[in-house]
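What the coordinates show
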Amino acid sequence: MAGTLRVIEEKCTGCGACVSACPYGCITLVEGKATIDESCCQLCGVCISACTEGALELSEAAKEFEDKSKYKGVMVVAEQRRGKIHRITYELLWIGRKLADKLGEELTCVLIGKDVRKYAEGLVRKGADKVLVYDDERLEILREDPYADVIVDAVKAEMPSILLMGGTSFGRALAPVIAARLKTGLTADCTGLDVDEEGNLIQTRPAYGGNIMATIVCRERRPQMATVRYKVMKEAEEDPNREGLVMEMDIPSNLRDRTKVLKEVIEEGQSIEDAEIIVAGGGGIRAPEDFRLLEELANLLGGVVGASRNVVDKGWMPKSRQVGLSGKTVRPKLYIACGISGSVQHLAGMKNSEVIVAINKDPSARIFDYARFGVVGDLYEIVPEMIKILKEIKR
Amino acid sequence: MDGVRTIVCLKQVPATQEVKIDPERGTLIREGIEVETNPFDLNALEEAVRLKERFGGEVVALSMGPPQAESTLREALAIGADEAILLSDRALAGADTLATSYTLACAIRKIGEFDLIFCGEKTTDGDTAQVGPELAENLGIPFVPYVRKIEEIGDRHLIVHREIEEGFQVVQVPIPCLLTVTKDINEPRLPSLKDKLRAKKAEIKVWTADDLSDVCEKGRFGLEGSPTRVIKVETPPEPSKGEILEGDPKELAKKLVEKLIELGLVR
């Protein structure tokens, strides 16, 4: 039996909040009461949160319980690229440590690659209690087939209650393979994670282009899986005295190995995600060559240039420089938004920057709500002045 | 390659730009019931139709959703799909990505032989990018995500360009396989009026949970088969207000640089 959405008629005041909240337009008011078109309702639950009267409820069919008590601890998967630990790993260790401490359980880190054994102690110093090392030729480049096999092997060995992976393009493609294999729930691209008293992972993530935040749980299956958005969590700090266990694991036999990476072509020098200072341009930029102005400012500050979606769509800047929900998430020390109005989608990609400066002609631009320093003015007047001053300082 | 049989998965989504927040109630406001085909899925469909035009074969469009998702499949037929199947049933509703991918896998088993499955990289509503990879795993076939170019099509393999953060990889994958495609792979065509009219009259098969029960367990469909639950939906928190600097451009630039020096951001 499938679930149904029910209106508790005694509680319904006919206010219509659910009617406007329904993303699918499946609710109407009939004789002053909310009425659900069952053939249309997707059981998304948005209306339940919109209803202030508690007049809507989702009934679920009874389901079998798996023995959850067998699963304990938090596991995070370290990510490496061309033999170097990717920084998402330290962010996973930071949030993983927090959750493990709250649960009073262990934090395990899975380290996969070729010649990566040397990094294990470093991961202990960053907070892992235990590091499982899978070191093999076939694991040199991150590929879904063999990586999924070894992570499933690690899960079977450790039985973690929570399994976290990076919300990078690799993690987001790899995690679903593991979730499907383990028949468990997976929440993509979480920006907030916590645990409740029962050990449920409370997962928060943006949906509908960042317009809403959804909180998601996976109560009955284990491990509870999530990918964690890059540059949202802090990085774990190093404790030189921390001790932990390093285990060199056997590679599972019959490792799946169906895809072959023939070549890797690197197009970007410095990834915008790793830049400490970003000078970004948006709709206020009048011509593609004007990005040179931002380039000059960025160079003087030791940063790189970013862009909002509309200028990337016009072909003025490459996609790799796009900041926002459909581009990169960044968390630099300084983000200077020049002529960017601040759409929800753009904000989702940069609002966690440490210091945001907004330069915009329109005083009502949304970006000002997020800026530590707002400058109402023309970027074509202000940026050249800044360049002049910075050049003088450098001299 | 002699004839490619492709299955394209498409989802009808609310047109995201219409989703706004009522500042007083903190709820989603939606004017009317505007829906569209997930834009990434149109790139997937376009690529499948182009392969058919080059090598011959067949394109099957597959969707799961409420009865109105039929319009997405009509669009697919107008663009060039030969057959359209809609999985629609109360028992399939409320599915998370695990249950969705399981259900799609059931339908694909029922469809039978195929060479390729195309999915969009992600959808604009959920933005999880999980259904494609989960579907491949459920079918036990290899997949390549974020494909922005198909470089070579052999008899039993493909060579594709997979986007990664810093550039791309050239990947070889055996057939049958699943690809999720990015927006860069092609420019989807717009169907002609004639094609639209033809698609309007075409047959769309509707399969219910019962139709899939011979190949699958019904308990793994819909809400019942979904391990995750959305327990709360809310507006993102309001930011704290910053400082607005005032003056003429020269003064503004000076003040701003001073602030940045104070914070140790200019060295």
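Source: prediction; values computed, not measured.

**What to know about the overall build of chain A**
The helix and strand inventory of chain A stands at ten helices and 22 strands. With the C-alpha coordinates aligned to their principal axes, the bounding extent of chain A is approximately 70 × 70 × 40 Å. Every one of the 395 residues in chain A was classed for burial, and the buried ones make up 52%. Counted over contacts in chain A with a minimum sequence separation of 6, partners at least 24 positions apart contribute 63%.

**Observations concerning the overall build of chain B**
Broken down by element type, chain B carries seven helices and 15 strands. Each of the three principal axes of chain B carries a C-alpha extent, and together these read 70 × 45 × 40 Å. Burial statistics for chain B: of 267 residues in total, 53% are counted as buried. Within chain B, residue pairs in contact and separated by at least 24 positions form 68% of the contacts whose partners lie at least 6 positions apart.

**A look at the interface of chain A and chain B**
Each partner contributes residues to the interface: chain A has 88 residues there, and chain B has 80 residues. Split by residue class, the side of chain A that touches chain B holds 47 nonpolar, 19 polar and 22 charged. Summarising the sheet, strand β22 (residues 373-376) of chain A and strand β15 (residues 243-245) of chain B pair through three bridges and their orientation is parallel. Looking across to β15 of chain B, one finds that G374 of chain A is bridged to I244 of chain B.

**Thoughts on the domain arrangement of chain A**
According to the domain assignment, chain A consists of domain 1 (3-60), domain 2 (68-248) and domain 3 (277-394). A separation of 37 Å is found between the C-alpha centroids of domain 1 of chain A and domain 2 of chain A.

**Digging into the confidence of the model for chain A**
For chain A, mean pLDDT is 91; residues scoring 70 or higher make up 96% of the total. Low confidence marks residues 61-65 of chain A, where pLDDT is under 50. Its contacts with residues over four positions away, or in another chain, come to seven contacts.

**A short note on the nonpolar core**
Of all hydrophobic cores here, the largest spans 154 residues; its most connected members are L111 of chain A together with V8, L45 and A61 of chain B. Looking at this core, the element that brings in the most residues is helix α6 (residues 169-182) of chain A, giving nine residues. Viewed by domain, this core spans two of them, domain 1 (3-60) and domain 2 (68-248) of chain A, each represented by three or more residues. V305 and A371 of chain A together with L256 and V257 of chain B belong to the second largest nonpolar core, which has 56 residues in total.

**Comments concerning helix α3 (residues 88-103) of chain A**
All names here are of chain A. End to end, α3 covers 22 Å across 16 residues, agreeing with the expected 22 Å (1.5 Å per residue, within 8%). Regarding α3, the residues found buried are I88, T89, Y90, E91, L92, L93, I95, G96, L99 and A100. Just beyond α3, the residue with positive phi is G104, at close to 70°.

**Remarks on the sheet that holds strand β16 (residues 245-248) of chain A**
Residues and elements named next belong to chain A. Pairing is parallel in the open sheet, where seven strands are placed in the order β11-β15-β10-β5-β8-β9-β16. Looking at which strands have only one partner, the edges of the open sheet turn out to be β11 (186-190) and β16. The mean inter-strand angle of the sheet, taken between neighbouring strand axes irrespective of direction, is 20°. Bridge analysis of strand β5 (residues 74-77) against strand β8 (residues 107-113) gives four bridges, and the strand direction is parallel. Considered in β8, the bridge of V74 is made with L107.

The rules behind each value
- Residues numbered from 1 in each chain as written.
- Chains lettered and ligands numbered in written order.
- Predicted model: local features only at pLDDT ≥ 70, side-chain atom pairs only at ≥ 80, totals over all residues.
- Helix = DSSP H or I, 4+ residues; strand = E, 2+ residues; numbered from the N terminus.
- Buried ≥ 20, exposed ≤ 12 C-beta atoms within 10 Å, placed from the backbone.
- Contact = placed C-beta atoms within 7 Å.
- Nonpolar A, V, L, I, M, F, W, Y, C, P; charged D, E, K, R; others polar.
- Pairing = 2+ DSSP bridges.
- Domains from an automatic or database assignment.
- pLDDT = per-residue confidence, 0-100.
- Core = buried A, V, L, I, M, F, W, Y, C linked by C-beta atoms within 7 Å.
- Expected span 1.5 Å × (residues − 1).
- Axes fitted to C-alpha atoms, helices over the stretch in contact; angles between N-to-C directions.

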